[in-house]
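Breakdown of the fold
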Amino acid sequence: MVELLKRGRFTVVRDTTNVDAVVEGEIVAWNVLPVNFSTESGQTQASRYAITLTANVVYRKIGQKEPLWANDAFSHRDEYDMGVDASTYFDREEQSIERLSNAFARSLVAAMLEAF
C-alpha cells in the first residue's frame, strides 16, 4: 500500500472483469507538519511530526451509476518523534508511513462496511 500511496492514486481492483464492485481513490492531500518543538540545543527545532493523508474514495457496484459509498475527504493521521539523532529521521518517517497506510486501509474498510 505504501507504494500505491506514493504514486498518488490507488485502485483496489484494476481489472473489473468478473467482479461485483470496485473501490477507487485518489490522494488529494499528503501533509507532513511539525506538531511539537524542542529548545534543548539552544535553538527551536521540531521534535514531533504529524503525517496526514486525505483521499477521495468511491466504492461502486459494477454497472451502477450511483456509488454504494463515497467520501471526498477520507483522512487519517499518524505522528512520529524526531529523536535526538537526525540520521534516523527518514527511518522514523518510513515507519510512520507504513503505520499510516495500514491504519488508513483498515479504517477505510471499516467506514465502507459501517455504511451498510
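The structure under discussion appears in the preceding block.
Everything numeric in this text was worked out from a predicted model, so none of it was measured. (Residues numbered from 1 in each chain as written. Predicted model: local features only at pLDDT ≥ 70, side-chain atom pairs only at ≥ 80, totals over all residues. Heavy atoms only, no water.)

1. Details of the overall build of the chain
Within the chain one finds 2 helices and 4 strands. Element order for the chain, N to C, with α for helix and β for strand: α-β-β-β-β-α. Relative to its 116 residues, the chain shows a buried fraction of 29%. Sequence-distant contacts in the chain: of pairs separated by 6 or more residues, those separated by 24 or more amount to 52%. (Helix = DSSP H or I, 4+ residues; strand = E, 2+ residues; numbered from the N terminus. Buried < 20%, exposed > 50% of the residue type's maximum accessible area, 1.4 Å probe, protein only. Contact = heavy atoms within 4.5 Å.)

2. What to know about the pairing of strand S2 (residues 21–38)
Pairing of S2 with strand S3 (residues 45–61), which is carried by 16 bridges, proceeds in the antiparallel orientation. Looking across to S3, one finds that glycine 25 is bridged to valine 57. Between S2 and S3, which follow one another and run antiparallel, lie 6 residues, and glycine 42 among them has a positive phi close to 90°. (Pairing = 2+ DSSP bridges.)

3. Overview of the pattern of salt bridges
Scanning the model with the defined rule gives 4 salt bridges in all. Of the charged contacts, one joins aspartate 81 and arginine 48 as a salt bridge, the two residues approaching to 2.7 Å between their closest N and O atoms. Placement of aspartate 81 in strand S4 (residues 69–81) and of arginine 48 in strand S3 is noted, with a sequence separation of 33 residues between them. For arginine 77, the salt bridge goes to glutamate 79, with nearest N and O atoms at 2.4 Å. (Salt bridge = Lys/Arg side-chain N within 4 Å of Asp/Glu carboxyl O.)

4. Observations concerning the nonpolar core
Judged by nonpolar contacts, the single largest core of 17 residues is most densely connected at Val57, Trp69, Phe74, Phe104 and Leu108. No other element matches S3, which puts 6 residues into this core. (Core = buried A, V, L, I, M, F, W, Y, C linked by side-chain atoms within 4.5 Å.)

5. Concerning the side chain of threonine 54
Assignment of secondary structure puts threonine 54 in strand S3. The class for threonine 54 is buried, based on a relative accessible area of 15%. A distance of 3.3 Å separates a polar atom in the side chain of threonine 54 from a polar atom in the side chain of serine 75. (Polar contact = N/O pair within 3.5 Å; in protein donor to acceptor, adjacent residues only side chain to side chain.)

6. Focus: a nonpolar patch on the surface
Together, Leu68, Val109, Leu113 and Phe116 line one region of the surface with nonpolar side chains, adding up to about 410 Å² of accessible area. Its location among the elements puts leucine 68 in the loop between S3 and S4. (Patch = residues over 30% accessible without salt bridge, like charges linked within 9 Å, V, L, I, M, F, W, Y side chains within 5 Å. Areas by Shrake-Rupley, 256 points an atom, 1.4 Å probe, with all protein chains shown as cover.)

7. Let's talk about the environment of tyrosine 59
Among the structural elements, tyrosine 59 can be located in strand S3. Separated by 36 residues in the primary sequence, tyrosine 59 and valine 23 place their C-alpha atoms 4.4 Å from one another. Beyond its immediate chain neighbours, meaning those up to four positions away, tyrosine 59 contacts Ala21, Val22, Val23, Pro67, Leu68, Trp69, Met112 and Phe116.

8. Considering the packing of aromatic side chains
The geometry of an aromatic ring pair comes down to the distance between the two centres and the angle between the two planes. Taken as a whole and assessed by the stated rule, the structure comprises 3 aromatic pairs. Taken together, a centroid distance of 6.1 Å and an interplanar angle of 75° make the contact between tryptophan 69 and phenylalanine 74 edge-to-face. Given a relative accessible area of 8%, phenylalanine 74 falls into the buried group. Here the aromatic rings of phenylalanine 74 and phenylalanine 104 are separated by 5.3 Å at their centres, their planes lie at 75°, and the arrangement is edge-to-face. With phenylalanine 74 in strand S4 and phenylalanine 104 in helix H2 (residues 89–114), this residue pair connects regions lying 30 residues apart in the sequence. For the pair phenylalanine 74 and phenylalanine 104, a shared accessibility class is recorded, and that class is buried. (Phe/Tyr/Trp six-rings, centres within 6.5 Å; stacked < 30°, edge-to-face > 60°.)

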